[in-house]
Amino acid sequence: MQKSQLYEQEEARIESILAKLAEYYPRAKTSLVFSNPYQLFVATVLSAQTTDEQVNKITSTLFKAVPSFADMSRMEPAELERYIQSCGLYRQKSKSLVVSSRIIIEKYGGDIPSDFTQLVKLPGVGRKTANIILGSVFGKPAIAVDTHVFRVSRRLGLADGGNVEQVEEQLKNIIPVSEWINSHHRLIAHGRRVCHARKPDCENCFLNQLCLYVLKRGDTK
């Protein structure tokens, strides 16, 4: 088979995967509960190595006691710790959130910066958090690669990068810009519901006929 034919087949496979994800998860969105940019920022920082469910339990109390960047900027990390101590890495996150709040107040007038480079300079903000904020707060095209997106996209054969940044760039190259945010949420939904880390439910997966992970095993039930 010629290279052009192989390319066309692969392109068609990817398009089919994206179409099916859109069909099965048409309203996929973050499960973090928030009502403003401040709350999304805090919840996303807290979500590292912690489930969204646990973060929502923490923030339901935290946001009542500490409702803004201004309030958080006046705290010491030890004060914040008592609100988030059921969260993984809570001491480190307390320091990051307090310092980031102070920077946002002092340098940006209380508004989260809308530039990726500026965002990742804030303590506690990595590529994933920055991309989530760009997409959810500012509506800018972005793909945030968390553990679910990394795992599912590699299994499906949408990407083969060895790290988060490589996978992010590969996904950007094959997914239409207008679908970056939606595809991010759909891949997460699929990772949580079907393509589990330890035991993916390949037999009942609607993508098993298109998935390289399944095809390489020779099991496409």
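Look a little higher up for the structure.
Below you will find a few notes about this structure.

Conventions adopted
Residues numbered from 1 in each chain as written. Predicted model: local features only at pLDDT ≥ 70, side-chain atom pairs only at ≥ 80, totals over all residues. Heavy atoms only, no water. Phe/Tyr/Trp six-rings, centres within 6.5 Å; stacked < 30°, edge-to-face > 60°. Lys NZ or Arg CZ within 6 Å of the ring centre and 35° of its normal. Helix = DSSP H or I, 4+ residues; strand = E, 2+ residues; numbered from the N terminus. 1 Å grid on protein atoms, 1.4 Å probe; cavity = no way out; pocket = protein on both sides within 12 Å on 5 of 7 lines; lining within 4 Å. Points joined across faces, edges and corners; volume = space filled by probe spheres on them. Nonpolar A, V, L, I, M, F, W, Y, C, P; charged D, E, K, R; others polar. Salt bridge = Lys/Arg side-chain N within 4 Å of Asp/Glu carboxyl O. Buried < 20%, exposed > 50% of the residue type's maximum accessible area, 1.4 Å probe, protein only.

## A short note on the packing of aromatic side chains
Thought 1: Applying the stated rule across the entire model yields five aromatic pairs.
Thought 2: Joined through ring pairs, the aromatic side chains of Tyr38, Phe41, Phe63 and Phe69 make up one cluster.
Thought 3: Here the basic side chain of arginine 155 rests over the ring of tyrosine 213, its NZ or CZ set 5.1 Å away from the ring centre.

## Description of the environment of serine 35
Thought 1: Inspection of the secondary structure assignment puts serine 35 in the loop between helix H1 (3-24) and helix H2 (37-46).
Thought 2: Distance from serine 35 to alanine 48, taken between C-alpha atoms, is 20 Å for residues 13 residues apart in sequence.

## Section: the layout of surface pockets
Thought 1: Here the largest pocket is characterised by a volume of approximately 880 Å³.
Thought 2: Around the largest pocket sit 40 residues that line it, and Ser47, Asp52, Lys128, Asp146 and Arg192 are the ones nearest its centre.
Thought 3: Breaking the lining of the largest pocket down by element, the ones donating at least two residues are H2, helix H3 (52-65), helix H6 (90-108), helix H8 (127-136), helix H9 (147-156) and helix H11 (180-193).
Thought 4: Within the lining of the largest pocket, the residues separate by chemical class into 12 nonpolar, 19 polar and nine charged.

## Here's the deal with empty space enclosed by the protein
Thought 1: Scanning the model with the defined rule gives one cavity of 30 Å³ or more in all.
Thought 2: Considered as a void within the structure, the largest cavity measures approximately 70 Å³ in volume.
Thought 3: Taken together, Arg155, Leu156, His190, Val194, Cys195, Pro200, Asp201, Cys202, Cys205, Cys211, Tyr213 and Val214 make up the lining of the largest cavity.
Thought 4: Broken down by secondary-structure element, the contributors of at least two residues to the lining of the largest cavity are H9 and helix H12 (212-217).
Thought 5: Residues that form the lining of the largest cavity fall into these classes: nine nonpolar, one polar and two charged.

## Digging into the pattern of salt bridges
Thought 1: Taken as a whole and judged by the stated rule, the model has nine salt bridges.
Thought 2: When the shortest N-O distance is used, the salt bridge between glutamate 10 and arginine 13 registers 2.8 Å. Linking glutamate 10 with arginine 13, this pair stays in helix H1, spanning three residues, or about one helical turn.
Thought 3: Judged by relative accessible area, which is 32%, glutamate 10 ranks as partly exposed.
Thought 4: One salt bridge in this structure joins lysine 172 and glutamate 169, with 3.9 Å as the shortest N-O distance. Note that lysine 172 and glutamate 169 are positioned in helix H10 (residues 164-174) at a spacing of three residues, about one turn of the helix.
Thought 5: Each of Arg127, Glu165, Glu168, Glu169 and Lys172 takes part in salt bridges that share partners, so that together they form one network.

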